[in-house]
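What follows is the residue order along each chain.
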Amino acid sequence: MCGTVGMFVGCSALSYCPRSLLAAHTAGPPDDGARIPAGEEDGSGEKYRSAFHTWYERASVRQAPRRTVAEGDTALRFFSPDLVPVAHHPLVKALPEPVFDQILVQHLYRYLDFTAKLEYLVVNRTLVGIAHGSTGVRLPQEMRFDALKMYCDEAYHALSAVDLMRQVEQRTGIRPRLPDEPFFLRRLQQILAKLPADERGLAELLFVIVSETLISASLAEIPDSDGLVPAVRESIRDHAADEGRHHAYFAAFLRHLWGQLSTAERQFAGRLVPQLMDAFLLPDLESLRAELTGYGLSKEQVEQVVGEVYTPEVLSRHSRATSRMTRRYLDQLGAFDDPRAQAELHAHGYAS
Ligand SMILES: [Fe+2]
Ligand SMILES: [Fe+2]
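Please read all numbers here as calculations on a predicted model, not as lab measurements.

With that settled, consider the coordination of the iron ion (ligand 1). Surrounding the iron ion (ligand 1) are the protein donor atoms Glu119 (OE), Glu154 (OE), His157 (ND1), His239 (NE2) and Glu243 (OE), which sit 1.9 to 2.3 Å from the metal. A separation of 3.4 Å is found between the iron ion (ligand 1) and the iron ion (ligand 2), which are bridged by Glu154. Of this pair, Glu154 sits in helix α6 (residues 141-172) while His239 sits in helix α9 (residues 230-258), and the two are 85 residues apart along the sequence. A relative accessible area of 5% places His239 in the buried class.

Printed below as a string of structure tokens:
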């Protein structure tokens with residue numbers, strides 16, 4: 001253990017000590033012993049170009065106002081029905097208007113809960129490791145400094161998400177129906193649990209790379225709809241602006257990491273990434289079923305809604321579209337050249 005993990009007592013279920021995994025394989029000493037000045041190459045074959053030069057002026061945590069839900073906002077939608085797949089199903093459309101509105105509110109709660117826990121339970125664990133120099137990946141000094149800026153960004157995204165959820169509950173009186181753990185976290189823990197202990201650190205690093213390069217595509221889906229509660233729209237817009245910079249950073253981080261992995265680790269990464277993309281992208285159908293049942297739909301009707309809305313084709317199409325850039329970055333590095341990685345892509349619906 002590098003000593004970083006102990007600070008995150010809430011994350012004990014995840015194993016994260018990339019230093020112990022990678023330090024054994026990297027050609028040089030760990031990065032706290034190999035400080036690479038800004039702009040110099042670290043063996044990845046590229047110079048780091050920071051996307052954070054204007055961070056103090058542009059980051060949401062530095063310049064965005066608190067997004068507040070006004071009393072009159074309860075007449076508006078709390079999430080766009082266009083982005084709530086079950087809202088299109090005739091059995092759901094036929095539900096009374098207050099129930100339909102509640103489905104949108106619960107969708108918002110799920111989204112905000114996902115965001116907050118992704119940020120403070122997973123992404124910020126990795127960012128503090130990068131900033132602290134304990135991931136085992138040798139990086140230019142400026143990349144480590146930029147990780148601290150993202151650490152602030154992600155903490156603010158978590159704060160904004162929880163703040164918004166509390167405000168919506170206060171305004172609407174609708175209590176969140178949320179699982180104890182978001183689906184992505186359960187899926188990630190299941191994936192990590194199946195891996196040998198010495199591969200879990202790299203797997204978690206890969207999950208953060210995957211999620212940080214996927215999330216901007218997810219946020220780009222939120223439309224600029226007039227009928228949406230302004231605080232929801234503005235909060236998502238704030239997040240999307242920050243994540244554009246994070247996307248660029250983690251695309252570069254992937255190349256730096258890749259240059260320091262052994263052939264076996266690269267093959268491992270290529271095989272694992274399709275599962276990690278699924279962990280991030282697949283919907284929590286179990287909790288959705290429980291929620292729909294709570295609105296008075298019969299078990300058969302719930303199965304009909306879920307079965308007709310979330311067909312394998314629909315899920316695969318969405319996953320492929322959202323992960324296009326992430327797969328491209330990995331493909332350019334040859335991550336999917338191995339036939340076993342190709343088979344995993346195919347098995348998880350990512351083969352085009
Ligand atoms: Fe974020
Ligand atoms: Fe991020």
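Okay, the packing of helix α7 (residues 183-193) against helix α8 (residues 197-219) next. It is the contact of α7 with α8, at a shortest axis distance of 10 Å, that shows an interaxial angle of 150°. Of the possible angle classes, the one that applies to α7 and α8 is roughly antiparallel. Relative to α8, the crossing made by α7 is right-handed. Each of Phe184, Leu188, Leu192 and Ala193 in α7 lies in contact with α8, whose residues at this interface are Arg200, Ala203, Glu204 and Phe207. Considered class by class, the residues forming the contact of α7 with α8 number six nonpolar, no polar and two charged.

Before going further, it helps to spend a moment on the nonpolar core. Core analysis: the biggest nonpolar cluster contains 97 residues, and Val86, Phe207, Tyr249, Phe250, Phe253, Leu257 and Leu292 have the highest contact counts within it. For this core, the element with the most residues is helix α5 (residues 97-132), which contributes 17 residues. Each residue touching Val86, except ones within four places of it in the same chain, is listed here: Val92, Ile103, Leu288, Val305, Val309 and Tyr310.

About the thresholds
Residues take numbers from 1 onward in each chain, read along the sequence in its written order. Whichever chain is written first is A, and whichever ligand is written first is 1; the rest continue in order. Only residues with pLDDT of 70 or above have their local features reported here, since the model is predicted, and side-chain atom pairs are shown and tallied only from 80 upward, although totals for entire chains, interfaces and linings are computed over all residues. As a convention, hydrogens and water are excluded, and side-chain values are obtained from all of the structure's heavy atoms. Atoms are scored as donors when they are N, O or S and lie within 2.8 Å of the metal, with 3.2 Å used for Na, K and Ca; no water is included, so coordination may look incomplete. Only DSSP runs of H or I reaching four residues or more are called helices, and only runs of E reaching two or more are called strands; each is numbered from the N terminus. Categorising residues by exposure relies on relative accessible area from a 1.4 Å probe, with only protein chains included: less than 20% of the type maximum marks a residue as buried, more than 50% marks it as exposed, and the intermediate range marks it as partly exposed. Under this scheme, a helix contributes an axis fitted over its contacting stretch, all axes are lines through C-alpha atoms, and angles between N-to-C directions fall in the 0 to 180 degree range. Orientation labels follow simple angle bins: below 35 degrees gives roughly parallel, above 145 gives roughly antiparallel, 65 to 115 gives roughly perpendicular, and whatever is left gives oblique. Whether a crossing is left-handed or right-handed is set by the direction in which the near helix is turned from the far one by less than a right angle, anticlockwise for left-handed and clockwise for right-handed. Note on contacts: a residue pair qualifies if any of its non-hydrogen atoms lie within 4.5 Å across the two residues. Three categories are distinguished: nonpolar for Ala, Val, Leu, Ile, Met, Phe, Trp, Tyr, Cys and Pro, charged for Asp, Glu, Lys and Arg, and polar for the others, with Gly belonging to the last. Put simply, buried Ala, Val, Leu, Ile, Met, Phe, Trp, Tyr and Cys residues joined by side-chain atoms within 4.5 Å make one nonpolar core.

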